[in-house]
Amino acid sequence: MPTETRLATSELFYSIQGESSFAGYPCVFIRLSGCNLRCRFCDARYSYEEEGRKQTVSEILAFCQKYPGALVEITGGEPLLQDGVYPLMNQLLALGRKVLLETNGSLSLSKVPGGVVKIMDVKCPGSGMTAEMDLANLPLLTSDDELKFVLSSREDYEWAKKFLLDHDLLPKKGTSDSSRPRLLFSPVTEELEPTELANWILADGLPVRLQLQLHTILWPGLARGV
């Protein structure tokens, strides 16, 4: 009998989705261990600093099925580092689950199953990881997917604006173009005031979503399981 696929998990938990355009909905989180990047302001270092727990796909699915009406997000770390994530995504889809994948944008999205909502980070200069992005992923994103920019400064904001223009990611002015991925701008906690970022977005009329981490507002001081 073949050995069942196992994944190294950092934590499995049920909470309120705190980010993306799905913020506010109940969600099962599958946080996988390991990451190939070292972003300066990472808020989940434990996902790669600690050894993960080996769990089978069946065990992970059983946890998800305890909450049948919830979204499922696969995150990390960087989930695409583990080949077992693909059968996990396919089986979740086969169960009729709404699946979100949060990825750091450095690894190819070409094998991600259709139907999975891809939430891809774009690494701004403040992260220290800009050079690690795989820009070949951009054409693989659809209007169901999302691009997230985590901003630590005005310099990051200006860089992100230029990135959107250079890669034709902004809808054409005067149109209702919805063919591009949704755009999220999120401030780094304690480095960029949300009000300041909001004022910049309003002044420039950028068609982006200001994203705050809802879970940090609901459960301040908790770093895990939220």
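Before reading further, recall that the structure is shown in the block above.
Residues numbered from 1 in each chain as written. Predicted model: local features only at pLDDT ≥ 70, side-chain atom pairs only at ≥ 80, totals over all residues. Heavy atoms only, no water.

### Section: the sheet that holds strand β4 (residues 71–75)
Argument step 1. With respect to topology, 9 strands assemble into an open sheet ordered β3-β1-β2-β4-β5-β6-β7-β8-β9, the strand pairing being mixed. With one partner strand each, in any of the chains shown, β3 (53–56) and β9 (209–210) form the two edges of the open sheet.
Argument step 2. Sheet topology places strand β8 (residues 182–187) next to β9; 2 bridges connect them, and they run parallel. Along β9, the bridge assignment pairs L184 with R209.
Argument step 3. The strands touched by helix α2 (residues 57–64) within the sheet are β1 (6–16), β2 (26–32), β3 and β4, with β3 carrying the most contacts at an inclination of about 80°.
Argument step 4. Sheet contacts for helix α4 (residues 154–166): β6 (117–122), β7 (146–151) and β8; angle to β7, the most-contacted strand, approximately 155°. (Pairing = 2+ DSSP bridges. Helix = DSSP H or I, 4+ residues; strand = E, 2+ residues; numbered from the N terminus. Contact = heavy atoms within 4.5 Å. Axes fitted to C-alpha atoms, helices over the stretch in contact; angles between N-to-C directions.)

### Some words on the packing of aromatic side chains
Argument step 1. According to the stated counting rule, one finds 8 aromatic pairs in the structure shown.
Argument step 2. Geometrically, the ring pair formed by Y14 and Y67 is stacked, given 4.0 Å between the ring centres and 15° between the ring planes. Here Y14, found in strand β1, pairs with Y67, found in the loop between α2 and β4; they are 53 residues apart in sequence, far enough to count as distant.
Argument step 3. Considering the side-chain rings of Y157 and W200, the 5.3 Å spacing of their centres and the 45° angle between planes classify their relative orientation as tilted. Here W200 lies in helix α5 (residues 194–204) and Y157 lies in helix α4, a separation of 43 residues in the sequence. (Phe/Tyr/Trp six-rings, centres within 6.5 Å; stacked < 30°, edge-to-face > 60°.)

### Topic: the pairing of β1
Argument step 1. Pairing between β1 and β3: 4 bridges, direction antiparallel. Note on β3: the bridge partner recorded for R6 is T56.
Argument step 2. Pairing analysis gives 7 bridges linking β1 to β2, with the strands arranged antiparallel. Within β2, the residue paired with I16 across the bridge is P26.

### Looking at the nonpolar core
Argument step 1. Grouped together as the largest cluster of nonpolar side chains are 46 residues, with contacts concentrated most on I74, F149 and F185.
Argument step 2. Aside from chain neighbours lying at most four places away, what touches F149 is V122, C124, W159, A160, F163, L164, L184, F185 and S186.
Argument step 3. The next biggest cluster of nonpolar side chains, apart from the first, holds 8 residues, and it includes F13, F22, C27 and L100. (Core = buried A, V, L, I, M, F, W, Y, C linked by side-chain atoms within 4.5 Å. Buried < 20%, exposed > 50% of the residue type's maximum accessible area, 1.4 Å probe, protein only.)

### A word on α2
Argument step 1. What α2 keeps buried is the set V57, I60, L61, F63 and C64. One side of α2 carries all its buried residues, which in axial view fall inside an arc of 155°.
Argument step 2. Where the residues of α2 are buried, they touch β1, β2, β3, β4 and α3 (85–94). (Arc of directions from axis to C-beta.)

### Details of the side chain of R180
Argument step 1. Locating R180 in the fold gives a position in the loop between α4 and β8.
Argument step 2. The class of R180 is buried, set by a relative accessible area of 17%.
Argument step 3. Of the polar contacts made by the side chain of R180, one reaches the backbone oxygen of D168; its length is 2.8 Å.
Argument step 4. Separated by 3.3 Å, the side chain of R180 and the backbone oxygen of L170 make a polar contact. (Polar contact = N/O pair within 3.5 Å; in protein donor to acceptor, adjacent residues only side chain to side chain.)

### Points about the pattern of salt bridges
Argument step 1. Under the counting rule described, the total for this entry stands at 14 salt bridges.
Argument step 2. A salt bridge links E19 to K148; its shortest N-O distance comes to 3.3 Å. Separated by 129 residues along the polypeptide, E19 in the loop between β1 and β2 and K148 in strand β7 bring together distant segments of the chain.
Argument step 3. Overall, E19 belongs to the buried group, its relative accessible area being 14%.
Argument step 4. Overall, K148 belongs to the buried group, its relative accessible area being 6%.
Argument step 5. By sharing partners, the salt bridges in this structure join E19, E102, D121, K123 and K148 into a single network. (Salt bridge = Lys/Arg side-chain N within 4 Å of Asp/Glu carboxyl O.)

Functional significance is not addressed by these values, which are geometric in nature.
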